[in-house]
Amino acid sequence: MSGTGPGEAMAHETFDTILVLDFGSQYTHLITRRLRELNIFSEMLPCTQKIAELKFKPKGIILSGGPYSVYEEGSPHVDPAVFDLNVPILGICYGMQELAYRIGTDNVIAGTHREYGHSNLKAQSVNGHVDRLFEGLEDSMRVWMSHGDKLAKLPEGFHTVATSDNSEYAAIAHGEKLIYGLQFHPEVTHTQNGTALLKNFAVGICHCNQNWTMERFMEEKIADIRRTVGEKGQVLAAVSGGVDSTVAAKLMKEAIGDRFWAVLVNNGVMRLNECEQVQRDLSEALGINLTVIDGAKEFLDGLKGVEDPEKKRKFIGGKFIDFFEAEAIKIEEAAAKDPNRAGKIEFFMQGTLYPDVIESLSFKGPSATIKTHHNVGGLPARMTNGQGLKLIEPLRSLYKDEVRALGRALGIREELVMRHPFPGPGIAVRILGEVTEEKVNIARQADHIFISEIRKAGLYDQISQAYAAVDPSRAVGVMGDKRVYGYIIILRAVTTTDYMTAEAFNFPWDVLQRIMNRIVNEVHGVCRVVYDITSKPPGTIEME
Ligand SMILES: Nc1ncnc2c1ncn2[C@@H]1O[C@H](COP(=O)(O)OP(=O)(O)OP(=O)(O)O)[C@@H](O)[C@H]1O
Ligand SMILES: O=c1[nH]c(=O)c2[nH+]cn([C@@H]3O[C@H](COP(=O)(O)O)[C@@H](O)[C@H]3O)c2[nH]1
Ligand SMILES: NC(=O)CC[C@H](N)C(=O)O
Ligand SMILES: [Mg+2]
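Note that this is a predicted model, so its numbers are computed, not measured.

Student: Can you walk me through the UniProt feature "binding site: ATP" (unreviewed entry) in the protein chain in this structure?
Tutor: Under the present numbering, the feature "binding site: ATP" (unreviewed entry) in UniProt falls on S240, G241, G242, V243, D244, S245 and T246. Counting through the fold element by element, S240 comes out in the loop between strand 10 (234-238) and helix 6 (243-256). Ignoring sequence-local partners within four residues, the contact set of S240 consists of S245, L264, M270 and V278. With respect to the helices and strands, the residue V243 is situated in helix 6. Judged by relative accessible area, V243 falls into the buried class, the value being 4%. When residues no more than four places from it in sequence are discounted, the contact partners of V243 are K400, V403, R404, L416, V417 and R419.

Written out as C-alpha cells, the structure reads:
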C-alpha cells in the first residue's frame, strides 16, 4: 500500500510531495504536519517501503528518527533504491545515522551518554549548496535532541555544518550530492527555527511548490471523485453529523449531486435529539438529504448484558454494517423506478482521517490495541467484496484541523466545523459496564446540561472534547431531607490538538459548580457529580 487509495495518485500529480520514511519515532508524523503547515504536501510511509512499488516520484525524501540503533542486528534499513531516485535526502536522528552507517558501518557508535532535551547548536558555513540547510537562520539556536548513539566520524564525502555542546556532528551535508543529516529534531516545536529549516530543505533544496491549500485540495478532490464514481455510479455514505463525515458528505454532494445517499444510523446511543438535529442541519445548511435509519431497539437489545468494552465496540461496529448493507439494497430497489438514479450502489463513503491511516501503516504495525475504533481496520470483507462496494474515503490524507479548514473552504458554517468529535459507539462507551435505556437517558440529560453550560460560558471552542459519563455504582446523598441513592455522573473535558495525548480542561470553578447543581437537580437518579482530571496518557479520552 503506497498511499494510492482513490484520489491519492491525483494529489501526487498536482502537488509536489516530500516522502517521509518512518523508522518508528514518536515524532515522525510531526514532520508531515510541519511540511503541510508550509503548504507542501507530504506523505508518510513505513521505512520498509520498496521504492520500485512507489506510485509517484517524490521531490525529496526525509528519513525519520527511530528507537533502534542502526548497528544492531534486526534494525530497520531503508531500501537502497532511494539513493537512485536522485532527489535530495534529509536524515533526522536515526535517519542521519542510517545515512552514515550505509557509507561505513563503523561510522555510528553508542555514545558515552544519552542526550535528551535542549542543546545549543552552532551552525558553520562551508560553501555552496551545503549551506542551504541553514540559509537565513541564526548561527546559534536552541534545538531538541533525543539520542544515545552518535556518529563516530564524519562519513566520507560529508562536511560538518553544525555542532552542539555534545554533538560534534549535529548537522552534516554531502559535498556534491544533496544529502543532509541532522542529529536533532527540527519537527518538534522545542527546536527554534525547526520549521524554517524544514522549509529550507523542502523549498530551497527540493524546490517544492507551496501550493497545498485546502482550496486547491477541494477542487482536485471534487474532480477526482467524479472520475472515480463515473457518470452513473451511486454512493452510499455513512454520515454521523460529525465534522469528518459532514465535510466528506458536502464534498460528495458538490461532486456528484443526487447520486449520493447519506445515511445516519440511530444506534440508540446518540446524544439528546442528535439525529433530528443533524438531519435538520445537513438539510438546511448543506442541502443534503439525510436518511436516518432507526436501529435504536436492535442496538439496545443487542447490548443487553454486555459489560466488556471491546465486546460493546465490536457489536456496535458490526451492527452498523448490517444496517448499511440492508440500506444499500433498499435504495437500489427504490431507485430502480427513477431513470436518473437507477443503478447499482457501487461505492461506500466513510469519513476516515489520516491519523487512522498512519496508525495502520506505521512501521511498528498497529500499536497495541487499546480500543477498537469502530471504523478503523476497515469494513468486513463481505461489505467490500460480496456486494462489490468500493470504499471512498475522501479525507484519508487529512488531519483533523485540515478537515476543518476544508469544511470552511466548502462554506460549512463555523458551528458545524468546530463540533467536538463524537465516537461511533456513542454513549455506549460513556456508560461504564452494561448499557441500559435508563442509563442512556441519564447520560443524555447530563451531557445536554454539561454542553449547554459550556456553550453559555463561552468555553466550547477552548475545549477539544467534552461529555458526561455514567458510573453505575451508586452513592448516597441527601435531597430535601430525604436519603437518595443514585448514580454518579463523571464529567470529562479535554484539550488536545491530535487526540493522541490530552489534558483535562482547567475549568473555572463557578462553571463546574453551576453544572453540578443543575445535574443533581434536573437529572433524576443522579446524586453525585465528579470531574475527571486524568490526562491521556495514562487515561484515554473516552471512558471505555
Ligand atoms: N451513527 C452513525 N451513522 C452513520 N455513520 C456513522 C455513524 N457514526 C459514525 N459513522 C461513520 O464512521 C466514521 C467515523 O466516525 P468518527 O466519529 O470518527 O467521524 P465523524 O463522526 O464523521 O466526525 P467526528 O470525529 O467529528 O465525530 C464517520 O465519518 C462516519 O462515516
Ligand atoms: O469514531 C470513533 N469510533 C470509535 O470507536 C472511537 N473510540 C474513540 N473515539 C474517539 O477517538 C478519540 C480518542 O479517544 P480515546 O482516547 O478514547 O482513544 C476521541 O475523540 C474519541 O471520541 C472514537 N471515534
Ligand atoms: N531519536 C532517534 O532517532 C534516536 C536514534 C538512535 N536510536 C539513538 O539513540 O541515537
Ligand atoms: Mg463521530
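Read on, since the account is not over.
Student: Honestly, the environment of G175 in this entry has me stumped. Any pointers?
Tutor: With respect to the helices and strands, the residue G175 is situated in the loop between strand 8 (171-174) and strand 9 (179-182). Along the chain, G175 and F158 lie 17 residues apart, while their C-alpha atoms are 5.5 Å from each other. With near-sequence residues (within four places) excluded, G175 lies in contact with H129, V130, G157, F158 and H159.

Student: What's the story with the sheet that holds strand 8 in this structure? I'm lost.
Tutor: Strands in a sheet are paired, the pairing made by backbone hydrogen bonds, and the direction either parallel or antiparallel. Strand order across the open sheet formed by nine strands is 2-1-3-4-9-8-7-5-6, with mixed pairing between neighbours. Of all strands in the sheet, those with a lone pairing partner are strand 2 (41-46) and strand 6 (140-151), marking the two edges. Averaged over all adjacent pairs, the angle separating strand axes in this sheet is 20°, with direction ignored. The pairing of strand 1 (residues 17-22) with strand 3 (residues 60-63) spans four bridges and is parallel. Opposite L21, over in strand 3, you have L63 as the bridge partner.

Student: What is the right way to read the nonpolar core from this model?
Tutor: Across soluble globular proteins, nonpolar side chains show a tendency to be buried alongside one another. Ranked by internal contacts, the top residues of the largest apolar core, which has 95 residues, are F260, L406 and F507. If near-sequence neighbours (up to four positions away) are discounted, L406 is found in contact with M214, F217, M218, V247, L251, L395 and L398. V20, I62, V130 and Y354 belong to the second-largest nonpolar core, a separate cluster that totals 39 residues.

Student: Just to check I follow, could you spell out unusual backbone geometry for this structure?
Tutor: Outside of glycine, negative phi angles account for most residues, and trans bonds account for most peptide bonds. With an omega of -15°, the peptide bond running from K536 to P537 counts as cis. Within the secondary structure, P537 is located in the segment after strand 18 (526-531). With a phi close to 55°, C93 is a non-glycine residue in the positive phi region. Mapped onto the fold, C93 is located in the loop between strand 4 (89-92) and helix 3 (94-103). Positive phi outside glycine occurs at N273, with the angle close to 55°. Along the chain, the position of N273 falls in the loop between strand 11 (260-266) and helix 7 (274-286). N273 sits in the partly exposed class, given a relative accessible area of 49%.

Definitions and limits used
Residues numbered from 1 in each chain as written. Chains lettered and ligands numbered in written order. Predicted model: local features only at pLDDT ≥ 70, side-chain atom pairs only at ≥ 80, totals over all residues. Heavy atoms only, no water. UniProt positions renumbered as here; feature names shortened; annotations may be inferred. Helix = DSSP H or I, 4+ residues; strand = E, 2+ residues; numbered from the N terminus. Contact = heavy atoms within 4.5 Å. Buried < 20%, exposed > 50% of the residue type's maximum accessible area, 1.4 Å probe, protein only. Pairing = 2+ DSSP bridges. Axes fitted to C-alpha atoms, helices over the stretch in contact; angles between N-to-C directions. Core = buried A, V, L, I, M, F, W, Y, C linked by side-chain atoms within 4.5 Å.

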